[in-house]
Amino acid sequence: MQTKVRLQSEEFDAAAETAALTRGRTDIGALVTFTGICRGAESGEPIAALTLEHYPGMAEAEIARHVEEAKARWPLLGVTVIHRYGRIAAGENIVLVVTASSHREAAFAAAEFLMDYLKTRAPFWKQVESKSGKTWVEAKGADDAAAARWEKPSGREAAE
Amino acid sequence: MQTKVRLQSEEFDAAAETAALTRGRTDIGALVTFTGICRGAESGEPIAALTLEHYPGMAEAEIARHVEEAKARWPLLGVTVIHRYGRIAAGENIVLVVTASSHREAAFAAAEFLMDYLKTRAPFWKQVESKSGKTWVEAKGADDAAAARWEKPSGREAAE
Amino acid sequence: MKLIYFAWVRERVGKAEEDVVPPASVTTVAELMRWLGGRGEEYAHAFEHPKSIRAAIDKSHVRPDTAIAGAREIAFFPPMTGG
Amino acid sequence: MKLIYFAWVRERVGKAEEDVVPPASVTTVAELMRWLGGRGEEYAHAFEHPKSIRAAIDKSHVRPDTAIAGAREIAFFPPMTGG
């Protein structure tokens, strides 16, 4: 089981990361890659860049903890999570989640689970840079709702 | 809205396809890539290859029709579907679905929808080649159940 | 009308396609399968479980009760296993 | 104990981190926020809506009623917007 979690300010190469995860293996039947990209407009207004602030130490730990939870929930054969911080120009990548499994259900579910958690639990904060200045992005209720669907009904181990 | 549907016997390059879909664009915020790969074992028995038979003409039409339905259901900015036929060795790619959108929910949902439909409605038949000979893969009830979750409660599609 | 067979239906029938002229009493896909099943041992084997055979008329999925009138090409095949 | 601030909490407070010694009567995260809010105008502004501020003790998410006893590092920040 190959696991990679990385925080970095520099751009990443999604294709190289998926290649690294599958190289020389024939047990992987399904590979899901999610790439989050900095859009050139936010709520209709053109933006130049995002700046991502993060909590060093905690961000790595939170992501690693959720990767472990994904591995416990689904039969995964490999997981890669890369999250950037610092200034990210429009069109550049922000985040990468790659999940590998024998079958597609596990790969899709784990990738969505990880993305929902990254959006709501990993300590990152986005600031938008546009003509009208810098603005902190507000958390979305829809993201909390998306993350809530993975929560167990009661007790830590209850639904596992 | 960039749409590409392709059937081919030769291998494809998933990275080149995702690059082609996103090149020069800053409206895409979420990119989901699903790659289906030929595993080296099926039900515990080592396999050498798969052979995919398809119904020329109908396969293209069925996939294109489902891509149109995905575009009608979700705010997509680009879709690529590539499905191979013929002999596919263990470790090689079988199918690629790439979906692009502003936000991740649409990209994930459309990719899963397309994969569920490809599994159950696109006219392809897999034959496994192993030591014990050639065997047709049986359709899985789980795939039908996965596809059924996208069905509308009533109307044109419900009766299909 | 032209019939096309895929996967194990093709293997059992022993051919990929053929032209047939079913009697006028055969009006639906299900009736066509029953009629084909009576054309000899290989057909009987191919169509012994009609519920596990899917059909398409002119490259669109159809149900067993679909009328075959006007069909140019009817295909029979097992449940799909693509993707 | 060491306090760390992120995003607009940091901007409003006007510093990224500091060391504080709250009175013994301050025992929970919520009480700490209330106490910090009374330390001046910039703190009052930063902590005016404690419900929209999240906290972590020693790099783990905690709820407002969590006890702060033994904490080495307490962080305050807006709801996360990563991914």
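For the structure itself, look to the data block above.
In this text, all values refer to a predicted model and were calculated from it rather than measured experimentally. (Residues numbered from 1 in each chain as written. Chains lettered and ligands numbered in written order. Predicted model: local features only at pLDDT ≥ 70, side-chain atom pairs only at ≥ 80, totals over all residues. Heavy atoms only, no water.)

Okay, the packing of helix α2 (residues 58-73) of chain A against helix α3 (residues 104-120) of chain A next. Residues and elements named next belong to chain A. The N-to-C vectors of α2 and α3 enclose an angle of 155°; their axes lie 10 Å apart at closest approach. Classed by the angle they form, the pair α2 and α3 counts as roughly antiparallel. Every pair of crossing elements has a handedness; the one defined by α2 and α3 is right-handed. Where α2 approaches α3, its residues I63, H66, V67, E69, A70 and R73 are matched on the opposing element by A110, F113, L114, Y117 and L118. Of the residues contributing to the contact of α2 with α3, the split by class is 8 nonpolar, 1 polar and 2 charged. (Axes fitted to C-alpha atoms, helices over the stretch in contact; angles between N-to-C directions. Helix = DSSP H or I, 4+ residues; strand = E, 2+ residues; numbered from the N terminus. Parallel < 35°, antiparallel > 145°, perpendicular 65-115°, else oblique. Left-handed = near helix turned anticlockwise from the far one by under 90°. Contact = heavy atoms within 4.5 Å. Nonpolar A, V, L, I, M, F, W, Y, C, P; charged D, E, K, R; others polar.)

Moving on to the pattern of salt bridges. Per the stated rule, a full pass over the model turns up 45 salt bridges over all chains. Where K4 of chain B meets E17 of chain B, a salt bridge forms, and the shortest distance between an N and an O atom there is 2.8 Å. Taken together, the positions of K4 of chain B in strand β1 (residues 2-8) and E17 of chain B in helix α1 (residues 14-22) put the pair 13 residues apart, joining distant regions of the chain. On the basis of relative accessibility, which here comes to 27%, the residue K4 of chain B falls in the partly exposed class. Bridged by salt links that share partners, the residues R104 and E105 of chain A together with E112, D116, D143 and R149 of chain B form one connected network. (Salt bridge = Lys/Arg side-chain N within 4 Å of Asp/Glu carboxyl O. Buried < 20%, exposed > 50% of the residue type's maximum accessible area, 1.4 Å probe, protein only.)

Before going further, it helps to examine the sheet that holds strand β5 (residues 76-84) of chain A. Strands sit in the order β1(A)-β5(A)-β7(A)-β2(A)-β2(B)-β7(B)-β5(B)-β1(B) across an open sheet of 8 strands; the sheet is mixed. With partners counted over all chains shown, the strands left at the sheet margins are β1 (2-8) of chain A together with β1 of chain B, one partner each. When the angles between neighbouring strand axes are averaged without regard to direction, this sheet yields 5°. Note that β1 of chain A and β5 of chain A share 7 bridges and pair parallel. Its bridge partner lying in β5 of chain A, Q2 of chain A is registered against G78 of chain A. This element, α2 of chain A, spans β1 and β5 of chain A of the sheet and lies at about 155° to β1 of chain A. (Pairing = 2+ DSSP bridges.)

Another aspect to go through is the interface of chain B and chain C. Listed per partner, the contact involves 26 residues of chain B and 21 residues of chain C. A buried area of about 1,900 Å², summed over both sides, lies between chain B and chain C, and 59% of it is on carbon and sulfur atoms. Together, Y55, W125 and W136 of chain B form the three largest contributors to the area buried by chain B at its contact with chain C, with a combined 35%. At the boundary of chain B with chain C, the tally comes to 1 salt bridge. For the salt bridge of E53 of chain B with R10 of chain C, the shortest nitrogen-to-oxygen distance reads 2.5 Å. (Buried area = accessible area lost by both parts, 1.4 Å probe.)

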